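Tertiary structure, described
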Amino acid sequence: MTKRGKVLRDTTLGPGLLIMEGQQYRFSLEGEWKSGVPPKPGQVVNVELDVQGKIQGITVVSDSQLAREQAEAVLASSRPIGRNLASSLVARIGMPSLAALGLLAAAWFFLTAASIQVPFPGKLEFTFWQILGFLNAGNVSELLDGSRSPNSGLYGLAAIIALAGPFIHFFWKDKRAQLGGLLPLLFMVIVAIAVRSNIYGALGSGNNAGVAEQAHPDAMRTISLGLGAYLSVLASSYFAFVSARGLGAKASERPALESTPRKAA
């Protein structure tokens, strides 16, 4: 049987001393100490005992092993906290809303929102987040280059705010907080209008208005929406529906409260 102990005294002036489960034990360097390094006070050791409880061997526990055990202990103690936090979050917000948030975030950051057909290298694909970067740079026409990925800047900050919008009413009890559910869909509409306007402006730069009018439909036909765009619209529409339903519930509660007769003083 093996137990964990700690060295209290080395063997330079006689028998060593270790403590194990609150009891102190003497040990000798010959026969019982099995490690290649000499005993030192403070070392954590594994102690092998026979059936009578007599020390058969002592080995030092490495620092890496101790660090791994401490990490496992912290992880084990944090799991119940994580489970409780997750369950309380689901109970308060609801699994459908959390799933819609995860879907919307994945669609914006990882999935293809739009692709552009160009002569070379063929098709360029972009996420919604990358498109925000080109809008922030002020030149969506640089999408055709395909070699840059500008910082999203203020558009990125607005996107994060829009993602948080559907959950504002959990922290702000004003009825206007329900409007936060409209932010993702509204933000996407604004971005789509900005992209269209930017492309139209790029086509009209250096050309007359007639040339721009003719080139614009052809340019827009080279752009196709990706899975990320459709999933974004789906998740954003869900949040907009929940927001509208919440506003309707608030509106119906108010007349009911106003019609309740007051008791005479």
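Criteria and thresholds
- Residues numbered from 1 in each chain as written.
- Predicted model: local features only at pLDDT ≥ 70, side-chain atom pairs only at ≥ 80, totals over all residues.
- Heavy atoms only, no water.
- Pairing = 2+ DSSP bridges.
- Helix = DSSP H or I, 4+ residues; strand = E, 2+ residues; numbered from the N terminus.
- Axes fitted to C-alpha atoms, helices over the stretch in contact; angles between N-to-C directions.
- Contact = heavy atoms within 4.5 Å.
- Core = buried A, V, L, I, M, F, W, Y, C linked by side-chain atoms within 4.5 Å.
- Buried < 20%, exposed > 50% of the residue type's maximum accessible area, 1.4 Å probe, protein only.
- pLDDT = per-residue confidence, 0-100.
- Phe/Tyr/Trp six-rings, centres within 6.5 Å; stacked < 30°, edge-to-face > 60°.

Here we look at the sheet that holds strand β8 (residues 223–225)
Strand order across the open sheet formed by three strands is β7-β6-β8, with antiparallel pairing between neighbours. Both edges of this open sheet fall to β7 (123–127) and β8, since each of them pairs with a single strand only. Each adjacent strand pair in this sheet contributes to an overall mean axis angle of 25 degrees, direction not counted. Where strand β6 (residues 112–117) meets β8, three bridges bridge the pair, whose relative direction is antiparallel. Its bridge partner being in β8, Ser 115 is matched across the sheet by Ser 224. Along the sheet, helix α3 (residues 128–137) makes contact with β6 and β7, crossing β7 at roughly 90 degrees.

Considerations on the nonpolar core
Core analysis: the biggest nonpolar cluster contains 26 residues, and Trp 108, Phe 128, Phe 187 and Val 191 have the highest contact counts within it. Breaking this core down by element, the ones donating at least two residues are α2 (95–109), β6, β7, α3, α4 (153–164), α5 (183–204) and α7 (227–258). In this view, Phe 128 contacts Trp 108, Leu 111, Ala 113, Phe 187, Met 188 and Val 191; residues no more than four positions away in its chain are not counted.

Concerning the environment of Pro 166
Mapped onto the elements, Pro 166 comes out in the loop between α4 and α5. With 70 residues separating them in the primary sequence, Pro 166 and Ser 236 have C-alpha atoms 9.4 Å apart. In this structure Pro 166 touches Gly 180, Gly 181, Pro 184 and Phe 239, once residues within four positions along its chain are discounted.

Focus on the confidence of the model for the protein chain
Chain-level pLDDT for the protein chain is 80 on average; 77% of the residues reach the 70-or-more range. Here helix α6 (residues 209–221) stands out as the element of the protein chain with the lowest mean pLDDT, 54, in contrast to α4, whose mean of 92 is the highest.

Describing the sheet that holds strand β1 (residues 2–9)
Either a parallel or an antiparallel arrangement is found when strands of a sheet pair, and the pairing is made through backbone hydrogen bonds. Across the sheet, which stays open at both edges, the five strands sit in the order β3-β2-β1-β4-β5 with antiparallel pairing between neighbours. Whereas interior strands pair on both sides, the edge strands pair on one side only; in this sheet they are β3 (23–27) and β5 (55–60). Taken pair by pair, the neighbouring strands of this sheet meet at an average axis angle of 40 degrees, ignoring direction.

Examining the packing of aromatic side chains
Across all of its chains, the model carries ten aromatic pairs by this definition. Ring centres of Phe 27 and Trp 33 lie 5.7 Å apart, and the angle between their planes is 20 degrees; this geometry places the pair in the stacked category. Each member of the pair, Phe 27 together with Trp 33, is buried. Through a chain of ring-to-ring contacts, three or more aromatic side chains come together here, namely Phe 167, Phe 170, Tyr 238 and Phe 239.

Thoughts on the pairing of β6
Bridge count for β6 against β7 is five bridges, and the pairing is antiparallel. From the neighbouring strand, Ile 116 faces β7, where its bridge partner is Leu 124.

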